[in-house]
Amino acid sequence: MTNVQESSVVQKLSLDLRRAETLRNPISPITDAYPALTLEDAYEVQKLNIAARVEAGERVVGHKIGLTAKAMQEMFGVDEPDYGHLLNTMMHDAATPLDLSSLISPQIEVEPAFVLSSDLKGPGVTVEDVMNATAYVTTCFEIIDSRIVNWRIRLQDTVADNGSSALVVLGDEKVDPRAVPLDNLQTTLEIDGEIVETGNTKAILGHPANGVAWLANALAPFGGRLAAGDVVLPGTCTRSFKLAGCSSARGFIDHLGAVSITVTGEPYEKSKMTA
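Rules of the game
Residues numbered from 1 in each chain as written. Predicted model: local features only at pLDDT ≥ 70, side-chain atom pairs only at ≥ 80, totals over all residues. Heavy atoms only, no water. Helix = DSSP H or I, 4+ residues; strand = E, 2+ residues; numbered from the N terminus. Buried < 20%, exposed > 50% of the residue type's maximum accessible area, 1.4 Å probe, protein only. Contact = heavy atoms within 4.5 Å. Core = buried A, V, L, I, M, F, W, Y, C linked by side-chain atoms within 4.5 Å. Salt bridge = Lys/Arg side-chain N within 4 Å of Asp/Glu carboxyl O. Phe/Tyr/Trp six-rings, centres within 6.5 Å; stacked < 30°, edge-to-face > 60°. Lys NZ or Arg CZ within 6 Å of the ring centre and 35° of its normal. Expected span 1.5 Å × (residues − 1).

A tally of regular secondary structure across the protein gives eight helices and twelve strands. Out of the 275 residues in the protein, the part that is buried amounts to 52%. When contacts within the protein are restricted to residue pairs at least 6 apart in sequence, long-range pairs at least 24 apart make up 77% of them.

Below, the structure is given as structure tokens:
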């Protein structure tokens, strides 16, 4: 694409994705219509939508990292993770029932969350730097959702769609990251009282802090940084699970505690199927 074409396409795609999220009406894969769309283009789409939301009064409160598992990288044909932004409106109180009617095709993941006490700015950020800059870690849920129909996504689709992000639910425990073996913690996801997924945090790039360091270094060439107070999700070590039809979820990570939510309503996907 020429620069003019790229600019107009990026603007169009940002509007299409924003409208899809607002109306809960997913769109066809953007890589079907624009197969030449680059990863850089996709991040530009993401940034435009984040800028629009900030201009409307929302605040960036952190980041999420995806594609941290080798199997997922191989599936997408990449050799590094991707990332999206977290906004204050995406932070969901665990005590409040999660109403799926505002979402399209939500899935849930359990993972550790890092809450930073000081800034992290690359290049050269290490795991030790991340540990020293972390106020605490806790168990969290990430609710992912795709504004692309039927989750028919390639890498550029999910990056443009802010990493297929939706909501974050933080647990209550606040654990010093130096006090626990973060790279070897058993993890479970329960749906309606039944364990549906298990894993170990070593599957998150060998150590969850590796993802945080990678992101701080990846943001550096663009003048970006991770700020004190930010919530950073390094990725999950289990598969995600569809929430449609569920009534409760509980995530547990050894030493980091549990996070639980109740679930109500039907997402767009299920409501359309039963309409």
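Now that the structure has been shown, the text picks up again.
The next thing to look at is the nonpolar core. If you look at the biggest cluster of nonpolar residues, it comprises 57 residues, and the most contacted ones within it are Ile 108, Leu 120, Phe 141 and Leu 226. Considering each element in turn, this core owes the most residues, seven residues, to helix H7 (residues 208-219). Discounting residues that sit within four places of it in the chain, Leu 120 has contacts with Val 125, Asp 129, Val 130, Ala 133, Val 212, Ala 216, Arg 225 and Leu 226. Ile 50, Val 61, Met 90 and Leu 233 belong to the second largest nonpolar core, which has twelve residues in total.

Position of Ile 30 relative to the elements: it lies in helix H2 (residues 30-33). For Ile 30, a relative accessible area of 2% puts it in the buried group. In this structure the C-alpha to C-alpha distance between Ile 30 and Asp 161, which are 131 residues apart in sequence, comes to 9.9 Å. Not counting residues within four places of it along the chain, the set of residues in contact with Ile 30 comprises Leu 13, Leu 37, Ile 148, Gln 156, Asp 157 and Ala 160.

Okay, the pattern of salt bridges next. Tallied over the entire structure, the rule returns 13 salt bridges. Among the ionic pairs, Glu 21 bridges to Arg 53, the shortest N-O distance being 3.7 Å. In this pair, Glu 21 is assigned in helix H1 (residues 3-23) and Arg 53 in helix H3 (residues 39-55), connecting sequence segments 32 residues apart. We classify Glu 21 as partly exposed; its relative accessible area is 31%. Across the pair Lys 47 and Glu 44 runs a salt bridge, and its minimum N-O distance is 3.0 Å. Highlighted residues: Lys 47 and Glu 44, both in helix H3, separated by three residues, approximately one helical turn. Note on Lys 47: relative accessible area 39%, which makes it partly exposed.

We now examine the packing of aromatic side chains. Under the criterion given, the structure shown has two aromatic pairs. On the basis of an interplanar angle of 25° and a centroid distance of 4.7 Å, the ring pair of Tyr 43 and Tyr 83 is categorised as stacked. With Tyr 43 in helix H3 and Tyr 83 in strand S2 (residues 82-87), this residue pair connects regions lying 40 residues apart in the sequence. Here the two residues Tyr 43 and Tyr 83 agree in accessibility, since each one is buried. Members of the aromatic cluster, connected to one another through ring pairs, are Tyr 43, Tyr 83 and Trp 214. Over the ring of Phe 222 we find Lys 47; its NZ or CZ atom is 5.6 Å from the centre of that ring.

The next point concerns H3. The terminal C-alpha atoms of H3, which comprises 17 residues, lie 24 Å apart, in line with the 24 Å expected from a rise of 1.5 Å per residue. In the segment just after H3, Gly 57 is the residue with positive phi, at about 115°.

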